[in-house]
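Analysis of the macromolecular model
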Amino acid sequence: MDMELVWHGRGGQGVVTASEILAETVVGEDKYVKAFPEFGPERMGAPIRAFTRISEKPIRVHTQVYEPDIVIVLDGTLIGKVDVTKGLKKGGIVLANYPGTPEELKKALGTDAECHTVNATKISMEEIGRPVANTAMLGALIKLSPIVSYPALEYQIVSKFTGKLSEKAIKANLAALNRAHEEVI
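Now for a quick tour of the structure. (Residues numbered from 1 in each chain as written. Predicted model: local features only at pLDDT ≥ 70, side-chain atom pairs only at ≥ 80, totals over all residues. Heavy atoms only, no water.)

Bringing the environment of alanine 23 into the picture now. Secondary-structure assignment places alanine 23 in helix α1 (residues 15–28). Looking at alanine 23, the relative accessible area reads 9%, which means it is buried. Along the backbone, alanine 23 and isoleucine 54 are 31 residues apart, and their C-alpha atoms lie at a distance of 8.0 Å. What alanine 23 contacts, discounting residues up to four positions off in sequence, is Val33 and Ala35. (Helix = DSSP H or I, 4+ residues; strand = E, 2+ residues; numbered from the N terminus. Buried < 20%, exposed > 50% of the residue type's maximum accessible area, 1.4 Å probe, protein only. Contact = heavy atoms within 4.5 Å.)

The end-to-end C-alpha separation of helix α6 (residues 167–183) is 24 Å, in line with the 24 Å expected for 17 residues at 1.5 Å each. Looking at α6, one finds that the buried residues are Ile170, Ala172, Asn173, Leu174, Ala176, Leu177, Arg179, Ala180 and His181. Each element contacted by the buried residues of α6 is listed here: β6 (114–118), α3 (120–127), α4 (134–144) and α5 (150–161). (Expected span 1.5 Å × (residues − 1).)

Quick look at the sheet that holds strand β5 (residues 93–97) now. Across the sheet, which stays open at both edges, the six strands sit in the order β2-β3-β1-β4-β5-β6 with mixed pairing between neighbours. Looking at the sheet topology across the chains shown, the edges are occupied by β2 (32–38) and β6. Neighbour to neighbour, the strand axes of the sheet diverge by 15° on average, direction disregarded. Taken together, the eight bridges between strand β1 (residues 3–10) and strand β3 (residues 47–55) define a ladder with antiparallel strand orientation. What sits directly across from arginine 10, in β3, is proline 47. Contacts between α1 and the sheet are confined to β1, β2 and β3, with β3 contributing the most and set at about 10° to the helix. (Pairing = 2+ DSSP bridges. Axes fitted to C-alpha atoms, helices over the stretch in contact; angles between N-to-C directions.)

End to end, α1 covers 20 Å across 14 residues, agreeing with the expected 20 Å (1.5 Å per residue, within 8%). Looking at α1, one finds that the buried residues are Val15, Val16, Ala18, Ser19, Ile21, Leu22, Ala23, Thr25 and Val26. Against β1, β2, β3, α4 and α5 lie the buried residues of α1. With its phi angle positive at about 60°, aspartate 30 sits one or two positions after the end of α1.

Turning next to the nonpolar core. Of all hydrophobic cores here, the largest spans 39 residues; its most connected members are Leu5, Trp7, Leu22, Ile72, Val118, Leu141 and Ile147. Apart from the residues lying within four places of it in its own chain, the contact partners of leucine 22 are Leu5, Trp7, Thr52, Ile54, Leu138, Leu141, Ile147 and Val148. By size, the runner-up hydrophobic cluster in this structure holds twelve residues, among which are Val73, Leu88, Leu105 and Cys115. (Core = buried A, V, L, I, M, F, W, Y, C linked by side-chain atoms within 4.5 Å.)

So, about the packing of α1 against α5. Contact geometry for α1 and α5: axes closest at 9 Å, N-to-C directions at 120°. Taken together, the axes of α1 and α5 are oblique relative to one another. The two elements α1 and α5 meet at a crossing, and its hand is right-handed. Contact with α1, carried on its side by Thr17, Glu20, Ile21, Glu24 and Thr25, involves Ala152, Leu153, Gln156, Ile157, Lys160 and Phe161 of α5 and no other residues of that element. When the residues that make up the contact of α1 with α5 are grouped by side-chain class, the tally is five nonpolar, three polar and three charged. (Parallel < 35°, antiparallel > 145°, perpendicular 65-115°, else oblique. Left-handed = near helix turned anticlockwise from the far one by under 90°. Nonpolar A, V, L, I, M, F, W, Y, C, P; charged D, E, K, R; others polar.)

What follows concerns the packing of aromatic side chains. Scanning the entire structure with this criterion turns up one aromatic pair. Ring geometry for phenylalanine 36 against phenylalanine 51: centres 5.4 Å apart, planes inclined by 40°, an arrangement best described as tilted. Within this pair, whereas phenylalanine 36 is found in strand β2, its partner phenylalanine 51 is found in strand β3, the two being separated by 15 residues in sequence. Of the residues examined, phenylalanine 36 reaches a relative accessible area of 23% and is grouped as partly exposed. (Phe/Tyr/Trp six-rings, centres within 6.5 Å; stacked < 30°, edge-to-face > 60°.)

Structure follows, in C-alpha cells:
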C-alpha cells in the first residue's frame, strides 16, 4: 500500500498535529512514513499544507506530495479560495470539513473526484468546546481509507496528548474522533 496525502487547513487548526498523529500511528503498524508541513511566513489563520507519504517499503522521495491519493481539508472556508484538488490522482478522494453534502462539495470544487464530507467543526465544538477539527478529521479519514486501525489511532491520540492535555480533553478528542468516524458521508 503506497499512499500520498495532502492536508489543507489554516495555521493553528491542528493540520500538522493531525499529520503527525497519523504518521506515528503508521509507524506503530510497521509501515514506512514521511510526514512534514509546508511552512513559509504563515501566521495563525493563514492557509497551510502538510504532506504524508505511507508505504510498505522504505520511502526515498523527500519532496512535497504533488499527486495525492487523498486530500483532507480541515477548513471548509478554503473551498473556492485554494485549489485543494490540484494534482489529485484519478480515482483520488477528497475529504472535507464541510457542512454540505458530498454532491455540494463536488460542485463547489468543480471536480468529479470522489468527495466525502463531515461537519468536523460542529463535532469539535460540541465534543471539545473549540473549533479544532484535527482529531475528528482523522476519525473520518480512517473510516474512508483504513490506513491504520481505529484502536491504534485511539492509542496514538492518547499517547500524543498525555501530559499536554487534561484527561477530560483527551476523552473529548476521542469522542470527536468517534463521532466523525460515524458521521462522515
